[in-house]
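Structure at a glance
What follows is each chain in one-letter form.
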Amino acid sequence: MALSEQDIEKLEDLLFSEQLEEEALDYFGFHGLVCASIFGPIAIKAEAIQTIVFGDQSTQFKQTQLEHFNHCIEVISQNLIEELNLGEEISLPFFEEEIHYEACLESWCMGFMEGFFFHEKAWFGKGEDIAAELLLPIMALSGLFTSDEFQEIIKNDKLMSQFEEIIPEQLVDIFLFYHSD
């Protein structure tokens, strides 16, 4: 069961509330963060996701709002795990045909990177070189990295286009790297 439009609207009401900073995650970033929790080396509990998204502002929200937030985490998590278990391509919450595709993708990647930053040591604990290689497409598409090396990558339109195309299969590779022995 995927999130309904109504569920997403209620979630975005929370994510865009006045209590949060303008840089708060949108739905796409939220989805990326939940993906990082599922695919990465350590699952991020719902309370920690609340902290990542709301900072110390979570007390500003009603219990029913936080329950809906946690419900959204659970539904997205279950969908991702089901897709993994069935060997299906991982579904991202946007499509190339969308008008704001680039912004949606960047936001999703930024959210994924928030999950990475939350447990950065664990992400690199199994093998820094392999982890960096697996994360490179998401890192480059997030727009968060401004070093000269990333600028070279970002300027390469063909490479960036390839990165966009491989995200779903890259997620499977990330999962397998961290969750298989």
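The structure under discussion appears in the preceding block.
Moving on, we get to the environment of Val53. Relative to the elements of secondary structure, Val53 occurs in helix H3 (residues 46-54). For the pair formed by Val53 and Asp26, sequence separation is 27 residues and the distance between their alpha carbons is 9.5 Å. Beyond its immediate stretch of four places on either side in the chain, Val53 contacts Leu15, Leu20, Leu25, Phe30, Leu33 and Phe69.

The next subject is a negative patch on the surface. The grouping of Glu89, Glu165, Glu169 and Asp173 at the surface amounts to a negative patch. Summarising the element assignment, Glu165 is placed in helix H9 (residues 157-179). Glu165 sits in the exposed class, given a relative accessible area of 55%.

This brings us to the nonpolar core. Core analysis: the largest hydrophobic core is formed by 60 residues, its most contacted members being Phe30, Phe69, Trp108 and Phe112. Secondary-structure elements contributing two or more residues to this core are helix H1 (5-15), helix H2 (27-39), H3, helix H4 (63-86), helix H5 (101-118), helix H7 (128-142), helix H8 (148-155) and H9. Ranked by residue count, the leading element in this core is H2, at nine residues. Each residue touching Trp108, except ones within four places of it in the same chain, is listed here: Phe28, Gly29, His31, Gly32, Cys35, Leu92, Pro93, Phe94, Ile138, Ile167 and Leu171.

In an α-helix there are 3.6 residues to a turn, and that puts residues three or four apart on one side. The terminal C-alpha atoms of H9 lie 32 Å apart, and with 23 residues this matches the ideal 33 Å at 1.5 Å per residue to within 8%. The principal kink in H9, of about 60°, is found at Ile167, preceding the proline Pro168 by one to four residues. The set of residues buried in H9 consists of Met160, Phe163, Glu164, Ile167, Pro168, Gln170, Leu171, Ile174, Phe177 and Tyr178. At the N-terminal boundary of H9, the capping side chain belongs to Asn156, with an oxygen 3.2 Å from the backbone nitrogen of Lys158.

A few words now on H2. A rise of 1.5 Å per residue sets the reference length of H2, with its 13 residues, at 18 Å; its end C-alpha atoms lie 18 Å apart and thus fit the reference within 8%. Of all 13 residues making up H2, 13 are buried, and the element is well covered by its neighbours. Regarding H2, its N-cap is Asp26, as a side-chain oxygen of that residue lies 3.1 Å from the backbone nitrogen of Phe28 further along.

Parameters and conventions
- Counting starts from 1 at the beginning of each chain's written sequence and moves along it residue by residue.
- Where totals are concerned, whole chains, interfaces and linings use all residues; where local detail is concerned, this predicted model gives features only for residues with pLDDT of at least 70, and gives and counts side-chain atom pairs only at 80 or more.
- To get the side-chain values, take all heavy atoms of the structure and skip hydrogens and water.
- Starting at the N terminus, helices and strands are each numbered in turn, a helix being any DSSP run of H or I of at least four residues and a strand any DSSP run of E of at least two.
- In what follows, a contact means two residues having at least one pair of non-hydrogen atoms within 4.5 Å.
- Patch membership is restricted to residues that have no salt bridge and whose relative accessible area is over 30%. Joining uses 9 Å for like charges and 5 Å for the nonpolar side chains Val, Leu, Ile, Met, Phe, Trp and Tyr.
- Here the open area of atoms and residues is found with the Shrake-Rupley method and a 1.4 Å probe, where only the protein chains shown may cover a residue.
- Salt bridge, as used here: a side-chain nitrogen of Lys or Arg that lies within 4 Å of a carboxyl oxygen of Asp or Glu.
- Under this rule, positive means Lys or Arg and negative means Asp or Glu; His and the chain ends count for nothing.
- A charged residue contributes its charge at one atom only: NZ of Lys, CZ of Arg, CG of Asp or CD of Glu.
- The buried label goes to any residue with under 20% of its type's maximum accessible area, the exposed label to any with over 50%, and the partly exposed label to all in between, with areas taken from a 1.4 Å probe on protein chains only.
- Only buried residues count toward a nonpolar core. Its members are Ala, Val, Leu, Ile, Met, Phe, Trp, Tyr and Cys residues joined through side-chain atoms within 4.5 Å.
- Expected span of a helix: the number of residues minus one, times 1.5 Å.
- Note on bend: at a given residue it equals the angle between the axes fitted to the 7 residues ending there and to the 7 starting there.
- Whenever a nitrogen or oxygen atom comes within 3.5 Å of another N or O atom, the pair is scored as a polar contact, on the condition that within protein one atom can donate a hydrogen and the other can accept it, and that pairs from neighbouring residues in sequence are kept only if both atoms are in side chains.

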